[in-house]
Amino acid sequence: MKNKIIIVGGGASGLMAAIVAARNGAEVTILEKNDRVGKKLLATGNGRCNYTNEDVRLVHFHGSDKAFIEKALSIFGRDSVIDFFEHLGIAPASEDNGKIYPLSFQASSVLDVLRYESDRLGVEVRVNCSVSKIARDGKFKIYLKSGENLTADRVILATGGMAMPVSGSDGNGYPIAKSLGHKAIPATPSLVQLKLKSDKLKQINGTKVVGKASLFIDGELIKEDYGDILFTDYGISGPPILQLSREAVIALEGSRRVRLDVSIILNKSEEELLGYLEKRRGWMPEKRLEEFLIGMINKRLIIPVIKELKLDKDKLTKDISVDELRRIAHLLTCWSFDVIGHNGWGQAQTTAGGVLTKDIDPATMESKLVKGLYFAGELLDVDGDCGGYNLQWAWTSGYIAGNSASVKF
Ligand SMILES: Cc1cc2nc3c(=O)[nH]c(=O)nc-3n(C[C@H](O)[C@H](O)[C@H](O)COP(=O)(O)OP(=O)(O)OC[C@H]3O[C@@H](n4cnc5c(N)ncnc54)[C@H](O)[C@@H]3O)c2cc1C
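In this text the structure is predicted, and so the values were computed from the model without any measurement. (Residues numbered from 1 in each chain as written. Predicted model: local features only at pLDDT ≥ 70, side-chain atom pairs only at ≥ 80, totals over all residues. Heavy atoms only, no water.)

S.K.: Just to check I follow, could you spell out empty space enclosed by the protein for this structure?
M.R.: Here the idea is plain: a probe the size of a water molecule rolls over the atoms and shows the empty space left. Tallying each qualifying case throughout the model produces one cavity of 30 Å³ or more. There is about 30 Å³ of room inside the largest cavity. The wall of the largest cavity is formed by His62, Ser190, Leu191, Lys223, Leu242, Gln243, Arg246, Glu247, Asp383, Gly384 and Asp385. Listing elements by their share of the lining of the largest cavity, those giving two or more residues are helix 8 (239–253) and strand 23 (383–384). It is helix 8 that contributes the most residues to the lining of the largest cavity, four residues altogether. Considered class by class, the residues forming the lining of the largest cavity number two nonpolar, four polar and five charged. Residue contributions to the lining of the largest cavity reach at least three from each of two domains, namely domain 1 (4–189 + 350–405) and domain 2 (193–343). (1 Å grid on protein atoms, 1.4 Å probe; cavity = no way out; pocket = protein on both sides within 12 Å on 5 of 7 lines; lining within 4 Å. Points joined across faces, edges and corners; volume = space filled by probe spheres on them. Helix = DSSP H or I, 4+ residues; strand = E, 2+ residues; numbered from the N terminus. Nonpolar A, V, L, I, M, F, W, Y, C, P; charged D, E, K, R; others polar. Domains from an automatic or database assignment.)

This is the structure we're talking about:
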């Protein structure tokens, strides 16, 4: 008789687990509370699906147990993901920072091939099917919100975290895991935009710079990142900000002081910039300060910068003192903002925290507390940087869970 496996959640990790288990000959049913599977997948990578990265070193993954993540990645890592998808038709294409997308640059291609393969393998997909409770009594009993009950030999929980709740992952997997004896680290939004305290936001809203952002917590430098930074009416966004947001959000939740220093001049130290400004002053002594900065920084930032420094925009360059030049150099390389919040679950791309991995075996994704119960995806206390790492984790954990849950009894 075939093993009956129920997978709760038809997202990235659930679909991967279903395919692998069905290939091993198991009878697989996916229960998905949305009216279709893979809703979030379609939104990934701005609709292009950055499904892994050339560089999948452990440093790009976070969680309370790095050894757990390392073990899992050693079983089904980047090459396995690329190979798995290539055999389903997804040709890989690399972009900046090693990000790997389907050559079609369409997230829908990734979902299509997963759906075609699970259909081909006879995976039963039940949509509009929300699981409210799971109990273990010999077999697993799965209770649906509709009142219906199902039974299974093995269950894979792949309900996602809390990021983008409209996609279905609204955190309801945590109470289910807890009711089965598992503990979870409180979930916090990650890869999310940050809110800043500044009276200049209205003026600089929509301005993009290529620069560096440095995160300070209680005055201590924690992390820096470079790239496209966007000022908005609420604060700040862009890839470097998302990369710093995990630590920033956790610190904010702990009521710690969070500061961002933004350099809007890339690759120049304050000293180098001061030297350059002094030379520049000699080249254009009759220009007003407002004109002097044109060509060096984004034009929309000139007046806000001058206002922030409380300088006179009409002052002639030749009359600007070295001390004033130093203050300009300092602000352009280190514009300090207090971080006062973040954009919340609706805008976050992933979840920091989740089901504690110390109670799960990384070689099988099986619970050490409940035999026959498996976990996959963002529900676990594992998250990644921006760059394909969260999907890599979904594929890795989904593969391992699907493969081990379908091993013969
Ligand atoms: C806007 C956005 C862009 C992103 N872009 C990228 C990217 O380019 N690269 C990358 O690596 N990562 C990206 N991510 C993160 C990545 O999409 C997720 O980490 C990944 O999808 C997690 O997979 P999962 O299977 O754990 O959960 P999900 O994909 O969230 O799937 C969980 C599924 O479970 C269902 N479910 C939940 N509870 C129940 C229940 N009780 N009963 C039945 N079904 C249930 C949900 O409806 C959902 O379909 C992005 C995230 C967002 C929000």
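From this point, the discussion proceeds with the structure in view.
S.K.: Sorry, what's going on with the packing of aromatic side chains here?
M.R.: Remark: the centre distance and the inter-plane angle together describe each pair of aromatic rings, the angle taken between the planes. Under the counting rule described, the total for this entry stands at 12 aromatic pairs. Where Phe61 meets Tyr389, the ring centres are 5.5 Å apart and the plane angle is 85°; that geometry is what we call edge-to-face. Of this pair, Phe61 sits in strand 4 (residues 61–62) while Tyr389 sits in helix 13 (residues 389–405), and the two are 328 residues apart along the sequence. For the pair Phe61 and Tyr389, one class covers both residues: buried. Feature note: the residues Tyr51, Phe76, Phe84, Phe85, Trp395 and Tyr399 constitute an aromatic cluster, connected by ring pairs. For the cation-ring pair, Arg136 lies above Phe140, with the distance from its terminal atom to the ring centre recorded as 4.3 Å. Over the ring of Phe216 we find Arg259, and its NZ or CZ is 4.1 Å from the ring centre. (Phe/Tyr/Trp six-rings, centres within 6.5 Å; stacked < 30°, edge-to-face > 60°. Buried < 20%, exposed > 50% of the residue type's maximum accessible area, 1.4 Å probe, protein only. Lys NZ or Arg CZ within 6 Å of the ring centre and 35° of its normal.)

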